[in-house]
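Structure at a glance
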Amino acid sequence: AGCLCLEACLPKIKQQYKVDVVIANGENSSQHNGISHNSAKRILNAGVDVITTGNHAFKNYQAASVFEQYSCVLRPANFHHSLPGVGAFTLDLGNCQVCVINLIGNVYMPNTNANPFDAIDTATKSSIQFISYGCSALPSNVFPLMSFFISPGYISFTTICASPILPSLSIS
């Protein structure tokens, strides 16, 4: 249903509002959780530039090959480095670069993720950094801590994909 809505609505929205970059979370875009080749293609063909994922990133049997084929489909950067794919992607828009960094929190998650703050250090120094941070619990001090780890002088956008316990937040 999500892919159908995206295919129907996103091209019109991009045209109407002259959108430069679209980042979407596609972690449960396949029929059985995770992301598949079909769902990744549908999302990208609809006009999304970068796809982020989260703790369900590898739930689909096709996920590993999706991450290997599409560098713009991101697994969390703080997943173990031996897993397929990357956690950051830089878009070159000509007049600026946008680096998308995909991270996942550790609270209420399996204890297999590295510290998300350490993963930020591996990101490129782009003119705009967008951090997608998926978590199950949101400590009140996460925003000041995130801004400490982001390069000074760069514009930063942070999105929080919280659990049903908390409303979804978007900070710019």
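Refer to the structure above for everything that follows.
Just so you know, these numbers come straight off a predicted model, no measurement behind them.

The next point concerns the pairing of strand β4 (residues 97–104). In terms of burial, β4 is largely enclosed, as seven of its eight residues are buried. As paired elements, strand β3 (residues 88–92) and β4 share five bridges and run antiparallel to each other. Within β4, the position partnered with L91 by the bridge is V98. In this structure, the hairpin formed by β3 and β4 is closed by a connection of four residues, where G94 is found at a positive phi of approximately 90 degrees.

Where helix α1 (residues 2–17) contacts helix α2 (residues 37–45), the axes come no closer than 9 Å and their chain directions differ by 20 degrees. The orientation of α1 relative to α2 falls into the category roughly parallel. When you trace α1 past α2, the crossing you get is left-handed. Judged by residue contacts, C3, L4, L6 and E7 of α1 engage S39, R42 and I43 from α2. Looking at side-chain class alone, the contact of α1 with α2 contains four nonpolar, one polar and two charged residues.

What counts and how
Residues numbered from 1 in each chain as written. Predicted model: local features only at pLDDT ≥ 70, side-chain atom pairs only at ≥ 80, totals over all residues. Heavy atoms only, no water. Buried < 20%, exposed > 50% of the residue type's maximum accessible area, 1.4 Å probe, protein only. Helix = DSSP H or I, 4+ residues; strand = E, 2+ residues; numbered from the N terminus. Pairing = 2+ DSSP bridges. Axes fitted to C-alpha atoms, helices over the stretch in contact; angles between N-to-C directions. Parallel < 35°, antiparallel > 145°, perpendicular 65-115°, else oblique. Left-handed = near helix turned anticlockwise from the far one by under 90°. Contact = heavy atoms within 4.5 Å. Nonpolar A, V, L, I, M, F, W, Y, C, P; charged D, E, K, R; others polar.

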